[in-house]
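So the chains spell out like this:
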Amino acid sequence: ELKVEQNPLFLSMQEGKNYTIYCNYSTTSDRLYWYRQDPGKSLESLFVLLSNGAVKQEGRLMASLDTKARLSTLHITAAVHDLSATYFCAVDMGDGSEKLVFGKGTKLTVNP
Amino acid sequence: GAVVSQHPSRVICKSGTSVKIECRSLDFQATTMFWYRQFPKQSLMLMATSNEGSKATYEQGVEKDKFLINHASLTLSTLTVTSAHPEDSSFYICSASSRGSSYNEQFFGPGTRLTVL
């Protein structure tokens, strides 16, 4: 059974600081997704990582995937208040079903 | 492209009534649609997977007689919560994927907030 663990679950940081959110998963998969969710809203797709060593960047966010370590990271550079949200990683089950298993989410609060 | 809509966005109903939620892919044909529920401050939990023209596949612990799913066309899936009770109150999110995309990415709808009184 695929398990996906995110940490930390809560993250409070100051504007301008850097931090990393980690996503570990338990079985082989080569597709990992990062999403952002604002309160009361649905998911916004941030990154799709499809292969070992994949790195993608958009603004102050950078995501990477290490399939051998079964680890993905979401790095935040020089955080700003607008990045406050809950971030989820989701891993494709890899069995052809297209099902995703979600982590519990990381609630990020960026303080001025 | 790849827009998924849900209707209604918010519904309040009395206990014992049935509620239907629609999920539409607006600009692509969705070979597979997924239904999730999300309780406050929790993650998304997959309820069922539906493919056009065939019966939905439910996840363990999800009552298929309570949560009726119909995927009548390549652009529409519906979730009916039958005889709703307060514990069914939740945020329901659908997603749709297309075999035409290179990696079958799921595109998420805006969600439906159900409150059962």
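Residues numbered from 1 in each chain as written. Chains lettered and ligands numbered in written order. Predicted model: local features only at pLDDT ≥ 70, side-chain atom pairs only at ≥ 80, totals over all residues. Heavy atoms only, no water.

Trainee: Account for the environment of Asp 27 of chain B, naming residues and giving values.
Mentor: All names here are of chain B. Mapping Asp 27 onto the fold places it in the loop between strand E3 (19-25) and strand E4 (32-38). Residue class for Asp 27 comes out partly exposed when judged on its relative accessible area of 40%. Along the primary structure Asp 27 and Ala 2 are separated by 25 residues, whereas in three dimensions their C-alpha atoms are 5.9 Å apart. A polar contact is formed between the side chain of Asp 27 and the backbone nitrogen of Ala 2, at a distance of 2.8 Å. A polar contact is formed between the side chain of Asp 27 and the backbone nitrogen of Val 3, at a distance of 2.9 Å. (Helix = DSSP H or I, 4+ residues; strand = E, 2+ residues; numbered from the N terminus. Buried < 20%, exposed > 50% of the residue type's maximum accessible area, 1.4 Å probe, protein only. Polar contact = N/O pair within 3.5 Å; in protein donor to acceptor, adjacent residues only side chain to side chain.)

Trainee: Got a sec to walk through the sheet that holds strand E6 (residues 55-58) of chain A? Specific residues and values, please.
Mentor: All names here are of chain A. The sheet built from five strands is open, its strands ordered E1-E3-E8-E7-E6 with antiparallel pairing. Every other strand in the sheet has two partners, leaving strand E1 (4-7) and E6 as the edge strands with one partner each. The average angle at which neighbouring strand axes cross in this sheet is 15°, direction not considered. (Pairing = 2+ DSSP bridges. Axes fitted to C-alpha atoms, helices over the stretch in contact; angles between N-to-C directions.)

Trainee: Lay out the interface of chain A and chain B in plain terms, naming residues and giving numbers.
Mentor: At the interface, 19 residues of chain A touch 22 residues of chain B. Across the chain A to chain B interface the summed buried area is about 1600 Å²; carbon plus sulfur atoms make up 51%. Counting the surface chain A buries against chain B, the share from its top three residues, Ser 42, Glu 98 and Lys 99 of chain A, is 35%. Applying the counting rule to chain A against chain B returns one salt bridge. Here Lys 99 of chain A and Glu 59 of chain B are joined by a salt bridge, their closest N and O atoms 2.7 Å apart. Here chain A is connected to chain B by seven residue pairs in polar contact (both at pLDDT 80 or more). Elements represented by at least two residues in the side of chain A that touches chain B include exactly strand E4 (32-37), strand E5 (43-49) and strand E10 (100-102) of chain A. The residue makeup of the side of chain A that touches chain B, split by class, is eight nonpolar, six polar and five charged. (Contact = heavy atoms within 4.5 Å. Buried area = accessible area lost by both parts, 1.4 Å probe. Salt bridge = Lys/Arg side-chain N within 4 Å of Asp/Glu carboxyl O. Nonpolar A, V, L, I, M, F, W, Y, C, P; charged D, E, K, R; others polar.)

Trainee: So what's going on with the sheet that holds strand E7 (residues 67-73) of chain B? Which residues, and what values?
Mentor: Residues and elements named next belong to chain B. Pairing in this open sheet of four strands is antiparallel, and the strands run E1-E3-E8-E7 from one edge to the other. Of all the strands in the sheet, just strand E1 (4-7) and E7 have a single pairing partner and so form its edges. Sheet twist, expressed as the average angle between the axes of neighbouring strands with direction ignored, equals 15°. The pairing of E1 with E3 spans four bridges and is antiparallel. Bridged to His 7 within E3 is Glu 22.

Trainee: Describe the pattern of salt bridges, and please don't skip the residues or the numbers.
Mentor: Two side chains with opposite charge may pair up if their charged atoms get near one another. All names here are of chain B. Counted by the stated rule, this structure contains six salt bridges over all chains. Here Lys 66 makes a salt bridge to Asp 88, at a shortest N to O gap of 2.8 Å. One end of the pair, Lys 66, is in the loop between strand E6 (57-58) and E7; the other, Asp 88, is in the loop between strand E8 (76-81) and strand E9 (90-97), with 22 residues separating them in the sequence. Across this residue pair, the class does not change: Lys 66 and Asp 88 are buried.

Trainee: Kindly report on the side chain of Thr 80 of chain B, identifying the contributing residues and their values.
Mentor: Residue and element names in this part refer to chain B. Here Thr 80 shows up in strand E8. Judged by relative accessible area, Thr 80 falls into the buried class, the value being 16%. Excluding anything up to four places from it in sequence, Thr 80 contacts Ser 18, Val 19, Lys 20, Lys 66, Phe 67 and Leu 68.

Trainee: Give me the lowdown on the pairing of strand E2 (residues 10-14) of chain A, citing residues and values where you can.
Mentor: Side-chain direction in a regular strand flips from residue to residue, so the side chains alternate between the two faces of the sheet. Residues and elements named next belong to chain A. Residues Leu 11 and Met 13 line the buried face of E2, whereas the alternating positions Phe 10, Ser 12 and Gln 14 sit on a face that is not buried. In terms of strand pairing, E2 meets strand E11 (residues 106-111) through five bridges, oriented parallel. Note that in E11 the partner of Leu 11 across the bridge is Leu 108.

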